[in-house]
Amino acid sequence: MIPLQDLLSRFKNLTNTEKVKKELIVGVVKDVTGIEILTKNIIFSKNIILLKVNPLIKTEIALKKHDILNKLRRMKGVEYFINIT
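To start, this report covers the structure provided alongside it. Just so you know, these numbers come straight off a predicted model, no measurement behind them. (Residues numbered from 1 in each chain as written. Predicted model: local features only at pLDDT ≥ 70, side-chain atom pairs only at ≥ 80, totals over all residues. Heavy atoms only, no water.)

Observations regarding the environment of Leu-24
Of note, Leu-24 is situated in helix α2 (residues 17-33). Distance from Leu-24 to Met-75, taken between C-alpha atoms, is 8.6 Å for residues 51 residues apart in sequence. Beyond its immediate chain neighbours, meaning those up to four positions away, Leu-24 contacts Met-75, Lys-76 and Val-78. (Helix = DSSP H or I, 4+ residues; strand = E, 2+ residues; numbered from the N terminus. Contact = heavy atoms within 4.5 Å.)

Thoughts on the pairing of strand β1 (residues 42-45)
Note: β1 against strand β2 (residues 48-51), 4 bridges, orientation antiparallel. Looking across to β2, one finds that Ser-45 is bridged to Ile-48. Connecting β1 to the next strand, β2, in antiparallel fashion are 2 residues, including Lys-46 with a positive phi near 55°. (Pairing = 2+ DSSP bridges.)

Considerations on the pattern of salt bridges
Side-chain pairs of opposite charge can arise where the charged atoms are in close proximity. By the definition in use, this model includes 4 salt bridges. Glu-36 is the partner of Lys-30 in a salt bridge, and the nearest nitrogen-oxygen pair spans 3.6 Å. A relative accessible area of 61% places Glu-36 in the exposed class. (Salt bridge = Lys/Arg side-chain N within 4 Å of Asp/Glu carboxyl O. Buried < 20%, exposed > 50% of the residue type's maximum accessible area, 1.4 Å probe, protein only.)

Rendered as structure tokens:
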């Protein structure tokens, strides 16, 4: 029988994947546009990133959406996103 401690040790390195994905998206948006957005303003709906931000910021991000998505596609864990709205 496997001791409980050994069984639970597998879960020590797990992270909050949604939080990590949001932080990666924030970093890419900042890198491409120079705009900082908060992780709490990012929502996922299937393969789409929804942003709850000012319309001016949303427009700037939409103008560079292609570049942002290209960078995300090269990153493990967020490569499946197909759109930003």
